[in-house]
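Analysis of the macromolecular model
So the chains spell out like this:
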Amino acid sequence: MVTADTRIDTEVVLSVDDLRTHFTTRWGTVKAVDGISFDLRRGETLGIVGESGCGKSVTMLSLMRLIPIPPGKIVSGSIVLDGEDIVPISEQEMAKIRGSKIALIIQDPMTSLNPVFSIGDQVEEAIKIHQDIPKRSITDRALEVLRKVNIPAAESRVKDYPHQMSGGMRQRVVGAIGISCQPQVLIADEPTTSLDVTIQAQYLKLLKDIQKESDLSIIFITHDFGIVAKMCDRVAVMYAGRIVEHGSVRDIFNNPSHPYTEALLASVPRMDRVVDRLYSIEGQPPPLHDLPVGCAFANRCPVVMDKCIETYPEIKAVSDGHTAACWKVE
Amino acid sequence: MTTIDSSETKAERGQVLLEAKNLKKYFPVTKGLLISRTTGHIKAVDDISFALRAGETLGVVGESGCGKSTTAKMMLMLEEPTEGSILFEGGDVHNSAAVRKSYRSSVQAVFQDPWSSLNPRMRVKDIIAEPMVINWNITKAEQQERVMKLLNDVGLNEYHSNLFPHEFSGGQRQRLAIARALALNPRVIVLDEPVSALDVSIRAQIMNLLKDLQETYNVAYMLIAHDLATVRYMCTWVAVMYLGQIVELSPVQELFNNPSHPYTKALMSAALPSHPDTEQEEIILQGEVPSPLNPPPGCYFHPRCPAAMDRCSVDTPVVKEISEGHTLTCHLF
Amino acid sequence: MAADLSGIVVAPPTTKERAAAVYRKIRRLPLIPVFLLSLVVIAGVFAPILAPHDPEKGELKERNIPPAWSGGVKSVKIVVERMSINQRTTSVTLADALKIDPAAQIDDEIEVFSRPEGTTKFLLGTDHLGRDVLSRVIYGARISLLVSIVTLAVGGTIGVTMGLAAGWYGGMVDETLMRLVDIKLAIPLILIALVLVITLGQSLWIIVTVLCLFIWPRFARQVRGEVLQLKHMDYVSLAKVSGASTARILFIHIFPGTINTLIVVATLQVGIVILLESTLSFLGAGVPPPTPAWGSMVSDGRDKLAGGVWWISTFPGVAIMVTVMSLNLFGDWLRDTLDPRLRQLE
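Residues numbered from 1 in each chain as written. Chains lettered and ligands numbered in written order. Predicted model: local features only at pLDDT ≥ 70, side-chain atom pairs only at ≥ 80, totals over all residues. Heavy atoms only, no water.

1. Things to note about empty space enclosed by the protein
Residue and element names in this part refer to chain A. Summed over the entire model, instances satisfying the criterion amount to 7 cavities of 30 Å³ or more. When its volume is computed, the largest cavity comes out at roughly 90 Å³. Taken together, 13 residues form the lining of the largest cavity, with Pro259, Cys295, Cys301, Cys308 and Cys326 sitting closest to its centre. Grouping the constituent residues of the lining of the largest cavity by class yields 11 nonpolar, 1 polar and 1 charged. (1 Å grid on protein atoms, 1.4 Å probe; cavity = no way out; pocket = protein on both sides within 12 Å on 5 of 7 lines; lining within 4 Å. Points joined across faces, edges and corners; volume = space filled by probe spheres on them. Nonpolar A, V, L, I, M, F, W, Y, C, P; charged D, E, K, R; others polar.)

Structural data, given as structure tokens:
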């Protein structure tokens, strides 16, 4: 496996700088994503981890420019994909980029496929939108993609409808649609939560194989540190709309520097050893429409200081390529 | 029973409270619109036996369709077993009305979805008091007093008793569900994926709470789970299910130190690692779980088993004990 | 207990927050429909106090008086000693002429009201029997209310019971009850009502029975659908686990869950009941005369419309339209407000 350290030289395909996506609701402005920055290199897998409501899904929607406007809006920041900032471009231009340069696999394989079209039609449709090639080659290409995601007997299954397939197979078809136009960046939003463990293992292995073959960059949106440990090169931990810690997967696991990351890791039961008592994080995340001025984790933090409540901590380097937004970091 | 104090009914840790013997649940598959005929059976649970012990937790793991939820439903008497018996306090639940009555108030449940397990139109105090209203002949004041105690037990306070469920977060709702399950001083609580719908940081809160309550009340848990790490943290015993059968049943340490059935091994290798440097054996099972309508002949696992032998597709393996309390169903042993 | 809990205490909402929540709820309340419906209800309840006249008695000489604001129609006629029938439109008797102009003489030309002037005594005019239209419209609200309430109570109860049974027990019970619904849909109820009236005579109870037969299936279907969803909720399983009886589960856990839907269905059904009652009354199969019902009033004024006597039919017609439309608007609002799925979309 190629580790994060060896990737420093490869080219950056996606660069997010100070992205802020806010929603206007009756409770006030919900700062779902509030100033996040990260780079994604070719062939690299970045994990965005956090609990529900931390802004990871809104990050995903922002990257795809799928934020419902109104109530949502990307209020500032840039998303540079393949050298082009996709925040200011028109919806028509974005539609061309979606699927061809940046693609998405979402959580629920039941709703991401249309029940009234055969899976072959749906893969072909995805290819047709972006590539101006004759019908014959589209069919061939669709078959090739379905074979690539290891659909057994793809030739005979292209005429199947989604309901005729198992959850694992359906998720593979969704994956096939995702990679059908050879995107540079694939966003996977909890793609395996509805799958059984053995099927999940098959699927994750498949994703890795595809990535290796086509030098795809993947962003994994997940709440599960297990997925991160298995799949990712680098990790961004999100809390209340911001990235609180960012580093290589080993940095995060071996030397968690933000108390939230540390607590989260300590609160997950482990399969490889006996844990006498899990660490339990008190309380709940703050509501996103009413964030404190200081650190959002302060009210749950075991090592909170006065400073934390007064001012939001700057992002500081812990070591090379490892940053954390915490006053504790010197 | 009208006693509120549980101390006198407390069983000794490790004492067998409840035994399931050769439980089977077959669902008939029918065809035809007017005159329906049975064309086959889905063998959701196919001959399983296990015991629940005071103060201990039996974890039941397996993939979807393995029969773990049907097993939980049978234990809760929400489904009638097709065959087999549940023995409680020395009597068969399905034969004696008296046993059934005491069983009803001694076996409670906590379900996965905290949004669906509390009636949205009832106040918290009425939700928690309901089992007492049904089963105990005590005054309203006594009920309310006990509700307050239960709320304190699960880490909520008296202020919460007048609220409605929608005013709580998922983790708090799961606490309420636990308080309700504790209302009758049950001997056994069936926990059907109690933390999988919760956020990571909340899961630890609930798991720790459940462990503490077990310590205090010496209740037996049956934990239905799909996550092996949760099982390792919570359980004393583990039963691994595949296609309606228990393929391996063992004390928890023994199972994790010495997983023996090929399916258990595959399940462990497929589980997500706890650390990026965790060394994992790569056993990727081929294919998917066959339909329980037409399970394969011989050992149900043989079409996917990496260690399958010729006889596996012919002979049905029987339960063997390989060390104390560690039993499995496999021709390799 | 050892678990750490400091952060999870919910603060009770402040008065301001509660007020804001109440305001949000009523913000989009359909004020005009609610106002109009309250008028109808008040009219129905307080009819004896509000109505200026007896709705069932009238003086024939005060018949066909137009509403207060309309002036009479004048025409020039010749005063004659005696009048034959065919002179009616062109002549007037001396005796009548003297009432208008004491100086009138035979063969004079005189301006006469061919239709009387409106009077504040009858704000909305009178009908062909001299009865006050306003009083009849007010009492008509009473009949509509009475019929709606009785029908909803009886038909609704039947429907809800059927729906609960069908949804909960499923199987054969469900099949049988739902086939009954299908049978109802295939029966022409208006024809049946007409036949019943011809054979048994006109009575309030016949139309209430027919209306009940008409509305119960809607309740049964809606409730059945809700029950099918609710019975799979975990809290229902948990009630079973705690040993709750079927009756307890149905009435404590399932029925309250259907109430929102019932309110919406009931509101929309009242509109239909009022329309149907009016239709039956219009066809002469409804409330027996002289009881004022909106439908029969429209029917009464029907053949006088050609003679320019528009007010007898129009006012009860407007009352029907306004009431039914308000009910529908209010029902839609209720559905949007009470349906949690829609509430989330706000």
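2. Re the pattern of salt bridges
All names here are of chain A. Under the counting rule described, the total for this entry stands at 26 salt bridges over all chains. Lys205 is paired through a salt bridge with Asp209; the nearest N and O atoms lie 3.7 Å apart. Of this pair, Lys205 and Asp209 both sit in helix α7 (residues 197–214), 4 residues apart, which is roughly one turn of that helix. Classification of Asp209 by relative accessible area gives partly exposed; the value is 35%. Overlapping salt bridges, with partners in common, bring together Asp18, Arg20, Asp34 and Arg242 in one network. (Salt bridge = Lys/Arg side-chain N within 4 Å of Asp/Glu carboxyl O. Helix = DSSP H or I, 4+ residues; strand = E, 2+ residues; numbered from the N terminus. Buried < 20%, exposed > 50% of the residue type's maximum accessible area, 1.4 Å probe, protein only.)

3. Remarks on the interface of chain B and chain A
Of the residues lining the interface, 42 residues belong to chain B; the matching set on chain A comes to 44 residues. In total, chain B and chain A occlude about 3700 Å² of area from one another, counting both sides; carbon and sulfur atoms represent 54% of this. Residues Asp212 of chain B and Arg277 of chain A are paired through a salt bridge, measuring 3.0 Å at the closest nitrogen-oxygen approach. Across the chain B-chain A interface, the total number found is 11 residue pairs in polar contact (both at pLDDT 80 or more). (Contact = heavy atoms within 4.5 Å. Buried area = accessible area lost by both parts, 1.4 Å probe. Polar contact = N/O pair within 3.5 Å; in protein donor to acceptor, adjacent residues only side chain to side chain.)

4. Here we look at the packing of aromatic side chains
Applying the stated rule across the entire model yields 11 aromatic pairs over all chains. Aromatic side chains Phe225 of chain A and Phe253 of chain A sit 5.8 Å apart centroid to centroid with 85° between the ring planes, which places their arrangement in the edge-to-face category. Of this pair, Phe225 of chain A sits in helix α8 (residues 225–231) while Phe253 of chain A sits in helix α9 (residues 249–254); the two residues are 28 residues apart in sequence, bridging distant segments of the chain. Just as Phe225 of chain A is buried, Phe253 of chain A falls in that class too. Each residue in the set Tyr239, Tyr260 and Phe297 of chain A is aromatic and connected to the rest through ring pairs, giving one cluster. Its end group placed over the ring of Tyr312 of chain A, Arg242 of chain A keeps NZ or CZ at 3.7 Å from the ring centre. Directly above the aromatic system of Tyr233 of chain B lies the positively charged group of Lys211 of chain B, at a separation of 4.1 Å from the ring centroid. (Phe/Tyr/Trp six-rings, centres within 6.5 Å; stacked < 30°, edge-to-face > 60°. Lys NZ or Arg CZ within 6 Å of the ring centre and 35° of its normal.)

5. Quick word on the domain arrangement of chain B
Residue and element names in this part refer to chain B. Partitioning chain B into structural domains gives domain 1 (10–242) and domain 2 (260–272 + 281–333). Each side of the interface is counted separately: domain 1 has 12 residues, and domain 2 has 14 residues. Summed over both partners, the interface of domain 1 with domain 2 buries about 1200 Å², with 69% contributed by carbon and sulfur atoms. If you sort the residues of domain 1 by the area they bury against domain 2, Glu63, Leu228 and Tyr242 come out on top, with a joint share of 51%. (Domains from an automatic or database assignment.)

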